[in-house]
Amino acid sequence: MSNKLIDGKVVSEKIRGEIKISVDKLKKKNSTVPGLAAVLVGEDGPSQIYVRNKRKACENVGIYSEEHKMPENTSEDELLKLIDKLNNQENINGILIQLPLPKHINETKILNSVNPDKDVDGFHPVNAGNLFEGKPSYIACTPHGIIKMLEHYELDIEGKNAVVLGRSNIVGKPAAILLLQKNATVTVCHSRTKNIEEILKNADIIVAAIGRAKYVTKSMVKKDAIVIDVGINRLETGKLVGDVDFDEVHDIASMITPVPGGVGPMTITMLLWNTLKSYENSIS
Ligand code: GUN
């Protein structure tokens with residue numbers, strides 16, 4: 001196995017082990033465990049897989065989980081009613097609304113209706129605002145997982161040129177803020193950015209989150225850059241690949257995440273982490 005790999009499975013196992021120990025202790029002490037509710041509306045294929053993986057991950061660390069699967073034609077009011085119930089349900093500490101939601105549902109309205117204290121995805125404006133201000137809060141799981149991986153491998157962030165490809169609320173923007181808080185010099189590139197290749201070539205750290213298969217190639221990457229690939233794209237052959245051409249870029253990078261087995265497992269790990277944190281906050 002290459003020693004350049006930033007292995008999300010290894011880092012996840014370590015953190016999930018620590019979470020399991022905490023959950024076991026809480027169970028002994030309080031006779032209760034943290035609880036996570038996942039809400040899935042419609043039949044989106046990848047979302048079904050995410051939700052199933054989340055359930056298994058909860059089981060493995062002893063977190064209670066429940067799934068609420070609703071049909072594609074669920075109305076906004078029905079969904080709001082369910083969220084209101086979960087906001088008030090004592091054994092539920094975390095509420096996850098699986099995205100994307102069907103087109104007829106206003107995503108912002110739905111995400112804003114989740115109690116910020118149970119917003120383990122970190123998508124509520126209160127938690128996004130706390131992140132902006134550098135206050136401890138619930139941090140969006142994928143960017144949080146990226147930082148945890150960089151910390152695990154003791155990779156320097158301070159003073160580095162970090163380039164984030166993508167500006168989504170879920171990954172790009174929070175990743176940029178977290179890197180900034182770690183004293184990186186951060187550039188965010190997006191679909192309207194000119195000279196992306198030139199900007200990338202100057203990056204010490206690249207976070208690729210644009211959802212374009214193998215977009216980042218060797219010629220765009222500086223020697224010894226650290227490359228974090230958030231992409232999960234399925235090729236026509238059925239193969240899963242990231243936003244980075246791993247085989248090419250692996251040669252030139254100092255460290256790189258694989259797809260699968262890089263960022264993916266960390267997202268779920270940080271969801272478990274946030275759910276445990278929410279439980280601890282609820283009893284303190
Ligand atoms: N859809 C794709 N990624 C995510 C995520 O991290 N959280 C939720 N809730 N939905 C998603």
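Placed above this text is the structure.
Only a predicted model underlies this, so the values are computations on that prediction, with no experimental measurement involved.

Caption draft 1: Expanded view of the overall build of the protein chain. Each helix and strand in the protein chain was counted, giving 10 helices and 10 strands. Relative to its length of 284 residues, the protein chain is compact, with a C-alpha radius of gyration of 19 Å against a globular reference of 19 Å. The principal-axis extent of the C-alpha atoms belonging to the protein chain is close to 50 × 45 × 40 Å. Expressed as a percentage of the 284 residues in the protein chain, the buried residues total 50%. Partitioning the intrachain contacts of the protein chain with sequence separation of at least 6 by distance along the chain shows that 70% fall at a separation of at least 24. As displayed, the protein chain has an accessible area near 14100 Å², and 51% of this comes from carbon and sulfur atoms. Looking at charge distribution, the protein chain has the averaged site of its 36 positive side-chain charges lying 2 Å from that of its 36 negative ones.

Caption draft 2: Quick peek at helix H3 (residues 76-87). Relative to the 16 Å expected for 12 residues at 1.5 Å per residue, H3 spans 16 Å between its end C-alpha atoms, a close match to the ideal helical length. Where H3 is concerned, the buried positions are Glu76, Leu79, Leu82, Ile83, Leu86 and Asn87. The buried residues of H3 occupy an angular sector of 140° when the element is viewed end-on, so they sit on one face. Turned more than 90 degrees from where H3 packs its buried face, Asp77 and Lys81 sit exposed. Along its buried surface, H3 packs onto strand S1 (35-41), strand S2 (64-70), strand S3 (94-97) and helix H4 (107-112).

Caption draft 3: Quick look at the sheet that holds S1. With parallel pairing, 3 strands are arranged side by side in an open sheet as S2-S1-S3. Here the strands that pair on one side only, and so sit at the sheet edges, are S2 and S3. Within this sheet the neighbouring strands show an average axis-to-axis angle of 15°, counted without direction. Here S1 runs beside S3; their pairing, made up of 4 bridges, is parallel. Looking at S3, one finds that Leu36 is bridged to Gly94. This element, H3, spans S1, S2 and S3 of the sheet and lies at about 165° to S2.

Caption draft 4: Summary view of the layout of surface pockets. Computed from the structure, the second largest pocket encloses a volume of approximately 440 Å³. Every residue lining the second largest pocket is counted, 20 residues in all, and those nearest its centre are Gly122, Phe123, Ala128, Asn169 and Ile170. Sorting the residues of the lining of the second largest pocket by element identifies H4, helix H5 (125-133) and helix H7 (172-181) as the ones contributing at least two each. Across the lining of the second largest pocket, the residue classes tally to 13 nonpolar, 5 polar and 2 charged.

Caption draft 5: Main features of the sheet that holds strand S4 (residues 161-165). In space, the 5 strands of this open sheet follow the order S5-S4-S6-S7-S10, with parallel pairing throughout. Bordering the open sheet on either side are strand S5 (185-189) and strand S10 (255-256), each of which pairs with just one other strand.

Caption draft 6: How the structure looks around the pattern of salt bridges. Evaluation of the coordinates by the stated rule reveals 9 salt bridges. Notably, a salt bridge pairs Glu133 with Lys135, separated by 2.9 Å at the nearest N-O pair. Judged by its relative accessible area of 43%, Lys135 is partly exposed. One continuous salt-bridge network, built from bridges that share partners, spans Arg55, Glu67 and Lys69.

The rules behind the values
- Residues numbered from 1 in each chain as written.
- Predicted model: local features only at pLDDT ≥ 70, side-chain atom pairs only at ≥ 80, totals over all residues.
- Heavy atoms only, no water.
- Helix = DSSP H or I, 4+ residues; strand = E, 2+ residues; numbered from the N terminus.
- Rg over C-alpha atoms; globule rule 2.2 N^0.38 Å.
- Buried < 20%, exposed > 50% of the residue type's maximum accessible area, 1.4 Å probe, protein only.
- Contact = heavy atoms within 4.5 Å.
- Areas by Shrake-Rupley, 256 points an atom, 1.4 Å probe, with all protein chains shown as cover.
- Lys, Arg positive; Asp, Glu negative; His and termini not counted.
- Charge placed at Lys NZ, Arg CZ, Asp CG, Glu CD.
- Expected span 1.5 Å × (residues − 1).
- Arc of directions from axis to C-beta.
- Pairing = 2+ DSSP bridges.
- Axes fitted to C-alpha atoms, helices over the stretch in contact; angles between N-to-C directions.
- 1 Å grid on protein atoms, 1.4 Å probe; cavity = no way out; pocket = protein on both sides within 12 Å on 5 of 7 lines; lining within 4 Å.
- Points joined across faces, edges and corners; volume = space filled by probe spheres on them.
- Nonpolar A, V, L, I, M, F, W, Y, C, P; charged D, E, K, R; others polar.
- Salt bridge = Lys/Arg side-chain N within 4 Å of Asp/Glu carboxyl O.

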